[in-house]
Every structure is written in C-alpha cells, then in structure tokens.
Amino acid sequence: MRYYNIPIFVPHEGCPFQCVFCNQKRITGSDTSVTPEIVTKTIEEYLSTIPCGNRRIEAAFFGGSFTGISAEKQESLLKAAYEFVKNGKIDGIRLSTRPDYISEEILDRLLQYGVTTVELGVQSMDDAVLIASGRGHTAETVENAVKLIKKYPFNLGLQMMIGLPEDTKEKSIKTAEKIIDLAPDFVRIYPTLVLKDTYLEKLYNTGEYEAWSVEKTVDTLKEILPMFSKKCIEVIRVALAVTEEISPENALIAGPFHPAIRELAEGEIYFDKICGFLDKDSSKRVFSVNECEISKAVGNGKKNIKRIKEKYGFEIKIKPSKSLKKGEITAWKDEQDCI
Ligand code: SF4
C-alpha cells in the first residue's frame, strides 16, 4: 500500500501566538489565505498526478493551528475536502493543531467531516522550555488534549522539537518518555532551526539563544529514536523538508541543518550496536543488517567501518539480510557463517 498526503497549507491562520521559532510563511512557502475553492482545486490537481493501485490518500491541512480558525471557516474547508471522502476519491483528512485548541465541540466537528488523523504540536513536555519558546500552553494542556482525543477514533500524531530555548539533551529525552506514555500512533521530531524573521533570530543574534550543532542533535536523536521504536511508535519524520525557502542560502540563519540528519543518527545507533558486539566478542568480523539499512550501518562515507578499524584494529564487513527487521543486527565470525 502506498500512502499519499495532499498538503493544504493553512499559514498562521487562527493562531494568535508567536512561538519563537515560527515563521509560517517560510515553512509553508505560502501566506495566501486558504478558501474552499483552493482546497477543491488542490485536491483535484494532486489526484490527477497520483498513480492508481493500492493506495491510501489523505488531504492534509498543515502549517497553522487548524482548529483555532473560526468554526465557520473550519467547516467550509472541511466540507470541501469531505466531498472527496464521500465520493471515495480520498480516504480521509488529517490536520495539525495546538493542544489548547482541542475540545469536545471541536473534535465532534472533525469527526462529522471525515477527519481521520489529528496531529498535535507538543514541542516539549517541559514547562520551562514551553515558556521560553512562547508556546502559550503547558505540558498539562497536552496531556488533557490527548486524553480527550483518545475518546475519539482518530489516529493521533504528536510532534516534538529538540533544541528549543532552555532545552537540553536530558529534557528532550524526558519529553520523549512523556510522549511515549501518551501512546500516540506516530510522532514527528523537528530539530530547532533559527529562521529569518523569527523571535529566535533575535535571541540568537543577541547571544541569548545558542543553536544546537548537528553533532549535539545527532547525539540526542540517537537516544530518542530507539525509545520510540522499542514501543513500536513510528517516527514518520525527522527534520523539516529541505526546500528552497529553508536552506542555508535563504531563510536559514543557524541550527542543525543537515539533509540527512536522521540517517546520521541511525548510523550512530548502528555504530554503538557493532561496538557492543565487539566489546563482548572481538572475534566477530561480519555483521548482517536489513538489506535497506546497509548504508546506515556502514555510515556516511564509510564512517563506521573506518572508526571500527581505528578502535579495534581490524576491518569489518556489513552484509544485507532479507530476514532481519530494520534496526536489527547479527554478528558472525566470517562470511561462511553468515546466512
Ligand atoms: S502555534 Fe503553530 S502556527 Fe502558531 S506561532 Fe506556534 S508554531 Fe506558529
């Protein structure tokens, strides 16, 4: 089954807040107000490009705080998308919003118009981080919103950020723990970037905010990613999309900008696993991993192979396996042993 999202950006609409990191226009590449006509046109255009077959398609209202828009506008936008659900052309509707814009009345409306997935911007479960980031809600607000959403048949996604003002690696790990306790269906993790025309840019320029490095971000991600996978909570995205709007040449001022930051973190996770095997039994020379994960295990530019050689004085080989799941690894003495 292939999954397709038809993105409909709702830039900053309905949001009276100004989170320090947020420049919705830059992130969505749009500051145009969305109308039901735009919703219909966007869905039609995307549908004409999506190949037939075993597929699941959802219209996705992203970018702002959807449930903070006026009830009339929410209804008109949802109605336009719901027409496509009713005639079987798409399978559902997803949207992202803030935890303080969740109530029974709001959730009843979403259900009535075929919404299948609700994503909440949690960002942190540490109140000091939330205050310093200008979020305007607390960790308790998140817990209450999640409790309410779970009374409905929605898929629940939670978004967290790492490297916000006042954040530390330990606080990010605590946030991940608390998010796991809330048992979402999936999560997204966004490392904090300093974008042009945000309050964070001012804090960065005055030295009040220190952007995280790629190394610190990777070091934090390598702790957090396995926590979610152990609990079978899928991390569907790490980092913002690299677009023309957010690039070192454009709106990006500072922060752990790397197009493959997740792969870097997963490479580190494999490095630690290989070292774990070798520390117990240094006779192992061949390691099998899922066939799609070879490049992660080998590391960027064969980094892991080189580091193992430096650390243990011998070269190892990484072999593809069809039977191992992603993230699993087995060790062998030589290639004959390896099946
Ligand atoms: S709540 Fe969302 S849309 Fe509003 S300022 Fe914060 S990040 Fe931007």
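So, here is what we can say about the structure in this document.

We now examine the sheet that holds strand E3 (residues 92-97). Two modes of strand pairing occur in sheets, parallel and antiparallel, and in both the strands are linked by backbone hydrogen bonds. Strands sit in the order E1-E2-E3-E4-E5-E6-E8 across an open sheet of 7 strands; the sheet is parallel. Looking at which strands have only one partner, the edges of the open sheet turn out to be strand E1 (2-9) and strand E8 (234-238). The average undirected angle you get between the axes of adjacent strands in this sheet is 25°. Of the pairings in the sheet, the one linking E1 to strand E2 (residues 55-62) comprises 8 bridges and is parallel in character.

Quick look at the environment of Leu-278 now. You can see Leu-278 is positioned in helix H10 (residues 261-280). When the C-alpha positions of Leu-278 and Ile-308 are compared, they lie 9.3 Å apart, and in sequence the two are 30 residues distant. What Leu-278 contacts, discounting residues up to four positions off in sequence, is Lys-284 and Tyr-312.

Our focus in this paragraph is the sheet that holds strand E12 (residues 329-332). Taken together, the 3 strands give an open sheet; going across it, the order is E11-E10-E12, and neighbouring strands pair in mixed fashion. At either end of the open sheet lies a strand with only one pairing partner, and these are strand E11 (317-321) and E12. Between one strand and the next, the sheet's axes are offset by a mean angle of 30°, whatever the strand orientation. Relative to E11, strand E10 (residues 286-290) is paired through 5 bridges, and the arrangement is parallel. Paired with Ser-288 across the two strands is Lys-319, which belongs to E11.

Here the focus is helix H7 (residues 169-181). Under the 1.5 Å per step criterion, the end-to-end length of H7 is 19 Å for 13 residues, consistent within 8% with the ideal 18 Å. Within H7 the residues assigned to the buried category are Ser-172, Thr-175, Ala-176 and Ile-179. Projected down its long axis, H7 shows its buried positions confined to an angular sector of 100°, all on one face. H7 presents Glu-170, Glu-177 and Asp-181 as exposed residues on the side facing more than 90 degrees away from its buried surface. Where H7 is buried, its residues meet strand E4 (115-123), strand E5 (155-162), strand E6 (186-191) and helix H9 (214-230). The positive-phi residue at the C-terminal boundary of H7 is Ala-183, with phi of around 50°.

Rules and cut-offs
- For every chain, the first residue of its written sequence is number 1, and the numbers climb from 1 along that sequence.
- In keeping with the predicted nature of the model, local features appear solely for residues at pLDDT of at least 70, side-chain atom pairs appear and are counted solely at 80 or more, and the whole-chain, interface and lining totals rest on all residues.
- Pairing between strands is defined by DSSP: at least two bridges between the two strands are required.
- Put simply, DSSP marks the helices as runs of H or I at least four residues long and the strands as runs of E at least two long, and each gets a number from the N terminus on.
- Each axis is a line fitted through C-alpha atoms, taken for helices only over the stretch in contact, and angles between the N-to-C directions span 0 to 180 degrees.
- Whether two residues are in contact is decided by their C-beta atoms, placed from the backbone, lying within 7 Å.
- Multiplying 1.5 Å by the residue count of a helix minus one yields the expected span of that helix.
- Partly exposed residues are those whose C-beta has more than 12 but fewer than 20 other C-beta atoms within 10 Å; with 20 or more the residue is buried, with 12 or fewer it is exposed, and the C-beta atoms are placed from the backbone.
- The arc in question is formed by the directions pointing from the helix axis toward the C-beta atoms.

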